[in-house]
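# Notes for the structure review
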Amino acid sequence: MLKNLLIKCANLLGRDDISTELNKSNKLDEITDDSVKKEIEKLLCFYNFVTSLTFETYLNLTFTEKIHSDLNSKIEFYKFSKQPIKIIKIEKDNGEFVKFVSKSSFILTGVSNEPLNITYNFLPDDAKDIDDNISYLDIKTMKILCYGIVSEFLASKGKYSESEFWNNKFLFELFKIKNNKERRLKSTFCL
């Protein structure tokens, strides 16, 4: 649940007022303190921004689903259950790969009126409330998103040096995941 991620962000920020309200509530409408509610709404907006940035630019969320092509060999993007960013591959049920061309609002497959298995990278939907499901995130990715959200929140408060600290942590963790290994500096001193 998104609420748990926002509580972690509030803890990193040292904002007990936000984490207390989040612990008591399951929906934004249940929060009675207007100033804290506005702060939580900001965190929610920053979550959407950081999530879009992260999965559009740095990391990939991949999904495969079966979609039927029409009589003109097209598959319209609105038929996808998730918001596609990049089509990775298209296969027939027998495993045969299908050549395709991506256009602005559809995919042209060359295969008409047939179910096709489409594997693609997607952007998660924007979160609307604190009880939204974010099950597509693992623990490591949630930690990284927390760093990005905290950085954006602090920047919005004019705390730029603190914001830069968290942004550097955010980018470093993304770098580690992207390169899939930790880089260590060699020791230059001998004892």
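Starting afresh in each chain, residues are numbered from 1 along the sequence in its written order. Side-chain atom pairs in this predicted model are given and counted only at pLDDT of 80 or more, local residue features only at pLDDT of at least 70, and totals for whole chains, interfaces and linings cover all residues. Only heavy atoms go into the side-chain values, all of them from the structure, while hydrogens and water stay out.

Strand order in the open sheet formed by three strands is 1-6-3, with antiparallel pairing between adjacent strands. Looking at which strands have only one partner, the edges of the open sheet turn out to be strand 1 (62–68) and strand 3 (83–91). Sheet twist, expressed as the average angle between the axes of neighbouring strands with direction ignored, equals 35°. Bridge count for strand 1 against strand 6 (residues 115–123) is seven bridges, and the pairing is antiparallel. Paired with lysine 66 across the bridge in strand 6 is asparagine 117. Two strands are counted as paired when DSSP detects at least two bridges linking them. Secondary structure elements are taken from DSSP: a helix is a run of H or I of four residues or more, a strand is a run of E of two residues or more, and numbering for both begins at the N terminus. Note on definitions: angles span 0 to 180 degrees between N-to-C directions of axes, and those axes are lines fitted to C-alpha atoms, for helices only across the stretch in contact.

In this section: the pairing of strand 6. When a strand is regular, its side chains alternate between the sheet's two faces. Only protein chains enter the accessibility calculation, which uses a 1.4 Å probe. A residue is then buried if its area is under 20% of the maximum for its type, exposed if over 50%, and partly exposed in between. Judged by how many residues are buried, strand 6 sits mostly within the fold: eight of nine residues are covered. As paired elements, strand 3 and strand 6 share seven bridges and run antiparallel to each other. Bridge pairing links glutamine 83 to leucine 123 in strand 6.

With that settled, the discussion passes to the packing of aromatic side chains. Whether two aromatic rings pair depends on their centres lying within 6.5 Å, for rings of Phe, Tyr and Trp, where Trp uses its six-membered ring; planes under 30 degrees apart make the pair stacked, over 60 edge-to-face, and the rest tilted. What the rule picks out here adds up to seven aromatic pairs. With a centroid separation of 6.3 Å and an interplanar angle of 80°, the aromatic rings of phenylalanine 63 and phenylalanine 122 are classed as edge-to-face. Taken together, the residues span a long stretch of sequence, with phenylalanine 63 in strand 1 and phenylalanine 122 in strand 6 at a distance of 59 residues. You can call phenylalanine 63 partly exposed: its relative accessible area is 29%. Overall, phenylalanine 122 belongs to the buried group, its relative accessible area being 7%. When the centroid spacing of 5.6 Å and the interplanar angle of 50° are considered together, the rings of phenylalanine 77 and phenylalanine 80 count as tilted. Here phenylalanine 77 falls in the partly exposed class, since its relative accessible area comes to 22%. Following the ring pairs from residue to residue traces out a cluster consisting of Phe63, Phe77, Phe80, Tyr120 and Phe122. Over the ring of phenylalanine 106 we find lysine 74; its NZ or CZ atom is 4.4 Å from the centre of that ring. Either the NZ atom of lysine or the CZ atom of arginine qualifies as a charge over a ring when it sits within 6 Å of the ring centre and within 35 degrees of the ring normal.

Let's shift gears to the nonpolar core. Core analysis: the largest hydrophobic core is formed by 50 residues, its most contacted members being Leu5 and Tyr47. Elements represented by at least two residues in this core include exactly helix 1 (2–13), helix 2 (16–24), helix 3 (34–58), strand 3, strand 6, helix 4 (139–156) and helix 5 (160–179). Looking at this core, the element that brings in the most residues is helix 4, giving nine residues. The contact definition used throughout considers only heavy atoms, calling two residues in contact when any of these lie within 4.5 Å. The residues touching leucine 5, leaving out its near neighbours within four places in the chain, are Tyr47, Ile134, Met142, Leu145, Cys146 and Ile149. We call a set of buried Ala, Val, Leu, Ile, Met, Phe, Trp, Tyr and Cys residues a nonpolar core when their side-chain atoms join them within 4.5 Å.

Moving on, we get to the layout of surface pockets. Buriedness of a pocket was judged along seven lines, with at least five required to meet protein on both sides within 12 Å; pockets are open sets of points on a 1 Å grid over the protein atoms alone, cavities are sets where a 1.4 Å probe fits but cannot get out, and lining residues have an atom within 4 Å of a point. Grid points are joined across faces, edges and corners, and a volume is the space filled by probe spheres set on the points. There is about 210 Å³ of room inside the largest pocket. As for the largest pocket, its lining consists of 14 residues, of which Lys82, Pro124, Asp125, Asn133 and Tyr136 are closest to the centre. Gly counts as polar in this scheme, as do all residues outside two lists: the nonpolar Ala, Val, Leu, Ile, Met, Phe, Trp, Tyr, Cys and Pro, and the charged Asp, Glu, Lys and Arg. Residues of the lining of the largest pocket, tallied by class, amount to seven nonpolar, three polar and four charged.

In this section: helix 4. For helix 4, with 18 residues, the first-to-last C-alpha span of 26 Å sits near the 26 Å given by 1.5 Å per residue. Those residues of helix 4 that sit buried are Thr141, Met142, Ile144, Leu145, Cys146, Tyr147, Gly148, Ile149, Val150, Ser151, Phe153 and Leu154. Those residues of helix 4 that are buried are in contact with helix 1, helix 3 and helix 5. Remark: glycine 158 follows helix 4 within two positions and exhibits a positive phi of approximately 80°. For a helix, the expected span equals 1.5 Å multiplied by the residue count minus one.

The subject of this paragraph is the state of the cysteines. When the sulfur atoms of two cysteines come within 2.5 Å, that pair is taken as a disulfide. Applying the stated criterion to the full structure yields zero disulfides. Take cysteine 9: it sits in no disulfide, and the sulfur closest to it among the cysteines is that of cysteine 146, at 3.7 Å. In this model cysteine 45 remains outside any disulfide bridge; the closest cysteine sulfur is found in cysteine 9, 13 Å from its own. For cysteine 45, a relative accessible area of 52% corresponds to the exposed category.

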